[in-house]
Each structure stands twice: as C-alpha cells, then as structure tokens.
There are 2 protein chains.
Amino acid sequence: MQYNLKDFTEIIEGGLAGIEYTDNAPRLFAPVRYTLEGGGKRLRPCLVLATYAALSGREPAEALNQALAVEVFHNFTLLHDDVMDNADVRRGRPTAHLKWNANAAILSGDAMLTLATQLLAKCPADRLAALLDMFNRTAMEIYEGQQLDMEFETRSDVTVGEYIKMIALKTSVLLGCACALGAIMAEASEADVKAMYEYGYGMGLSFQLRDDWLDTFGDPEVFGKKIGGDILNRKKTWLLITAAEESDGELADILREDLEDEELISQVRRVYTRLKVGDRCNELAKRYAAEAASHLKTVAMPQAASDFFLSLAEKSYTRTH
Amino acid sequence: MQYNLKDFTEIIEGGLAGIEYTDNAPRLFAPVRYTLEGGGKRLRPCLVLATYAALSGREPAEALNQALAVEVFHNFTLLHDDVMDNADVRRGRPTAHLKWNANAAILSGDAMLTLATQLLAKCPADRLAALLDMFNRTAMEIYEGQQLDMEFETRSDVTVGEYIKMIALKTSVLLGCACALGAIMAEASEADVKAMYEYGYGMGLSFQLRDDWLDTFGDPEVFGKKIGGDILNRKKTWLLITAAEESDGELADILREDLEDEELISQVRRVYTRLKVGDRCNELAKRYAAEAASHLKTVAMPQAASDFFLSLAEKSYTRTH
C-alpha cells in the first residue's frame, strides 16, 4: 500500500465528480458543483482516507464517502464565509455569490451541509453514531471559530491566546475531525481515535500559522496569490497581534496612517522583521507540528503510513504554497 | 392519554427552553434563541410527539429530541429564507438579520441546522440511520422548494402544477417528515411510516393552500397579519396563477397597472371573487385534507389519536389563523 497525496487526491476527485444530485431544482446544485470543482489541496479528505487505510490495513476508498463528507462540508463553510466576508476571489475564480448571487450561495451552501451529512451516513450502521457525533461537534466549533473571527474584526484588544483559540476552532478541529472519522471507520480504539484527532488538530494549527506567514513573507510566484493581503485588511493574525504587543505603538501608528498599499506592506514587514515575528511564527508552527507528530507514536500503523503522516506534519510548517 | 395541541406544545416549549448551547462564542447563539423564542404554531414538532405516542402507546416526551430537531430545522429555514427574501417581520417581531445583520443570520442558521441534526441523533442507535435518512432527504427537498419559489419570482409562465410541486417541496414534505420521524421512533412498520408520512404531506398541501386563501380573504383581526401581502408582492399563489389563466388577460392588466395598495388588492379580489378562485382554493385544500385523512385508516392507533389527527386535518382547511 502506497501512501501519497497524489493517489489519495485522485480517489477524492473521482468521488466528487461522481456525486449524484437530486433533480427537482437543478439550479440549486450549479453553485455546489462550481464550488466543489474549484480544486484546493483536498488535504482534509486525504487525511480521512490515509487514516482509514493506516489503521484498518484496508483500501482507502472504503472510507471515500466520509472523506467526501469532510470536503463537501469544508467547501460549504468557504461558500458561506465568502458571502459573509464579501470576498471576490476563491482559488483564482470569482466566488459563487459573485457568479450567481448571495441568495444562491446561501441556499446552495445549506444544501452542501445536508449533502455532507448524507455522505457521512453512508457507512456501516455500527459506526454512524460516532461519526455523526464527531462531525456535528466539529461543525459547531467551526461556526464558533467563524463567529470569533468576525468579532475580532471590530476589536482592538485581541490577544495571541484568543487568536490561537479562534484558528483552532475555525481550522484545526476539521483536520482533527478528518483523522478521527478515518479512525472511527477503521474501528480503531478510542485512544487511537483521540491520538489521530490530536495529530490532525496540531497539524492544523501549524498549517494555519504557516498560512499567516506565507501571506506576508511568501514568494508570490510560488504561493499563487498576492502577498500582503492580511496586512492591507489589517487582519489580526499571529504576526500582527504579536508585533502590536511588542512594538510600543509603532505598528499601530503605521496601520492608522493612510499609506499606499505597497508602502503599508513594506513598513509593516519592516517592523515584523525587526521583531523577528516571522521567524517566531514559523518556530511556533514547528512546535505544533512536533506536538502533532508525537501523537503518532502511540498508534500502531505500517511504517509507510507513519512516514506519510510525519512528512505531512513537516510540510505543514515548511510549505511554500 | 390525552391528545391535544396544548399539552404537546407545552412539552415542546419546555424542550426548546432547555436546549444547551456550547460556549466558545456565545453571540453565535443569540439569534438562535431569538428565533426559537419567536413562537409559531409548533405544529411540526407536535406531529412528531403525537405520531410517536399514537403508534407506540408510550409517553410523547420520549420523542422530544426528534420533535425539537424538526422545529429547530424549520426555524433555520425561516431564518435563511428571511435573509434571502429580505423580510422585515417574522411573527410580529423584527427578523434576525434586521435585529443583528445578514452575516449573523447566515451563520446562526448554519448552527441551527447542525443543532437540529444533533438533536435528531439523540435516539436509540437502531433508529438513527432511518431517522437521518428521512430528515436529510426532506431537508434537501425543502431547499429545492425554496429554489423553485425564488425562480418563480422572475417567471411569468408558472403553472398550477408547478406551484403545487413547489409548495409540496417547500412545506408539505416537512409535515410528512415530522409524522414519519415519530413513527420511526415508535418502531412502526414501513407501511405505517409511509402512511403517516402521506397523512402529514397531504395535510401540508391543505395547510399551505389555506394559507394562500387567508392571506387574501382572511379576517385581519383573527389572522393576525395584514391581508393582501401576496397580492401586493404579485406572489404567484394558487389564486393568482389560476385567475391569470382564466381571466383572459384582465388580471395581468391589473397587476401591470401602478395602483395604490388598497385599490390593487380590491381589484384583484374582485377578479378572484368573480372566478370563484377563493372557494375553489378551499375546496382543493379540503380534498388534500381528505386524502391525508384516508391514510390514517390503514394505521392501527387508539381512537383518541385518530380523532386528534382527523381534527388537525379538518383544521388545515377551515382554520382562520
């Protein structure tokens, strides 16, 4: 059994393309297809497949429906988040609410949440309750994370601890959930389900912190999108919150000025560099990845699987896109 | 065992008040509470309790979580529909997106859909798959109904058949689902689950047609809201579609004119009255209610239960509010 993202991703893409939609109102599903065809890393569903294969020794595709459930759910949250954030672009294409309208994006998003639950439920009856409990608990946490994220926009006193809690809720829990769903499908012990959840959760924190770093310090050619968007939006990332706490008002002054975009990015990056917040952000991501990896040791799995999960954890804080 | 709406409603209100919310982002749930406290008939959850009691002979409150699931789901659809329709008032109070904002209404609605699924899943393990399947299938149909409803706004060729299909999807299936969930909880036979579904479904059609009638011909004092809203919105109800088909262009001409509100309502009602579409709408509702009631005969239940369901079916087309 090979463990690599390319193979897993192919299974996912095939599964997404094969989803069957009801036909009373076909236009309801046009934004659903559009959103699901938008690509993305497919990291979450790959985690479901990999964890299932690693812990059961069986074919990863046996957990395909649960993997699709996670991916459909994730895309539902992006669809609704884009409406709430009034975002124009997602994965290099117009967002669904621009291509259609906000109503279409809201209603099709609702349909995606129900579709995700339907896919999840395509499982042996003895695993349904545990899968559903994990999935729903995670979904609720993700809404809480989005709520906090929106509240942070209008607050000036967000702490680093609050920020970590927000990204944990908004991002990390779904990576943890993906691993846990794969483990539950594999009939793993409670301890193994929990360990795999912790692995995904820690990796999610690392992944998100690296995302913040890339948005400010990434190579636009490799990262695939403009650098500095978070700075221009005054988004309260780990970098900004930390630098604001340590720069004695300097960062706040810069953010208050009415600077040209490039000048603003450049001045903020200068403060970040002086305070080394970029490097420290990466170090923190690395620590979370190491913490994530430590949970793998307690779970019996083939060497190839363990290597795969360890390499993903390493990528979470070293990736360039 | 007494079967009456008042007792069932009390159980529901107690259950709604006792729902426990997670606490990472309390503001997420303020619109949820507000929406659930808004009252309404609680007809759908009462159908869950009544069907459960009638078919199991046990205490209705044993199916409380499934009843709450249906009510929370129903209120989630109202919350999102109100955003999509940009509605100002719901049950005599400002809509949630006015009281907060559209983003809060979208995100809190999402949380309600997940909450509904969580409540539904609080059941004996052997019934979970069937409950979830019925619930999710119904949810998808309701989104399809809302999609059609929105599409109808910009179409001038909607037929009566299409209208009936739309209200079936948007309204009737949830009344059918409510009865079916109660029956599944009661471990009823497949035939009984189906019969109770058909009962609720037919009653839903009757209920909605009467709603259209009340909006135009109701007594505002008793109905509790302004009369003629559908006419002012040119809403394609059974009345309007039928009268448009039969009035030889007269109705279309009136609707095209730039009349004062009261004059428009009065002229449209005159056409309706001449064509007797009001009476025929009620007759059609009565036929659907009779069809609904016919399914009860095939299901063994106590006389008190049967009387209760029959009286509800009668009310669906005779009610004045």
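Our subject is the structure listed above.
Residues numbered from 1 in each chain as written. Chains lettered and ligands numbered in written order. Predicted model: local features only at pLDDT ≥ 70, side-chain atom pairs only at ≥ 80, totals over all residues. Heavy atoms only, no water.

J.: Please explain the interface of chain A and chain B as it appears in this structure.
T.: Often, the extent of an interface is quoted as the loss of accessible area upon association of its parts. Listed by partner, the interface residues are 38 residues for chain A and 38 residues for chain B. Ranking the residues of chain A by area buried against chain B places N24, L107 and M140 of chain A at the top, with a combined share of 18%. Where chain A meets chain B, there are two salt bridges. Here E151 of chain A and R27 of chain B are joined by a salt bridge, their closest N and O atoms 4.0 Å apart. For the pair chain A and chain B, the number of links is 10 residue pairs in polar contact (both at pLDDT 80 or more). (Contact = heavy atoms within 4.5 Å. Buried area = accessible area lost by both parts, 1.4 Å probe. Salt bridge = Lys/Arg side-chain N within 4 Å of Asp/Glu carboxyl O. Polar contact = N/O pair within 3.5 Å; in protein donor to acceptor, adjacent residues only side chain to side chain.)

J.: What am I meant to see in unusual backbone geometry here?
T.: With the exception of glycine, most residues fall at negative phi, and the peptide bonds are largely trans. In this structure, R42 of chain A takes a positive phi of about 60° despite not being glycine. The residue R42 of chain A is located in the loop between α2 (30-36) and α3 (43-56) in this model. The phi torsion at R234 of chain B lies on the positive side, around 50°, for a residue other than glycine. For R234 of chain B, a relative accessible area of 33% translates into the label partly exposed. (Helix = DSSP H or I, 4+ residues; strand = E, 2+ residues; numbered from the N terminus. Buried < 20%, exposed > 50% of the residue type's maximum accessible area, 1.4 Å probe, protein only.)

J.: What exactly am I supposed to notice about the side chain of D81 of chain B here?
T.: Summarising the element assignment, D81 of chain B is placed in helix α4 (residues 64-85). Residue D81 of chain B is classed as buried on the basis of its relative accessible area of 11%.

J.: Help me out: how do you make sense of the environment of E13 of chain A in this one?
T.: Residues and elements named next belong to chain A. Tracing the sequence through the fold places E13 in helix α1 (residues 5-17). Considered as a pair, E13 and E37 are 24 residues apart in the sequence and their alpha carbons are 8.6 Å apart. In terms of polar contacts, E13 uses its side chain to reach the side chain of R42, at 2.7 Å.

J.: Sorry, what's going on with the environment of E153 of chain A here?
T.: All names here are of chain A. Tracing the backbone through its elements, the reader meets E153 in helix α7 (residues 125-153). E153 sits in the exposed class, given a relative accessible area of 58%. Residues E153 and V32, spaced 121 residues apart in sequence, show a C-alpha to C-alpha distance of 28 Å.

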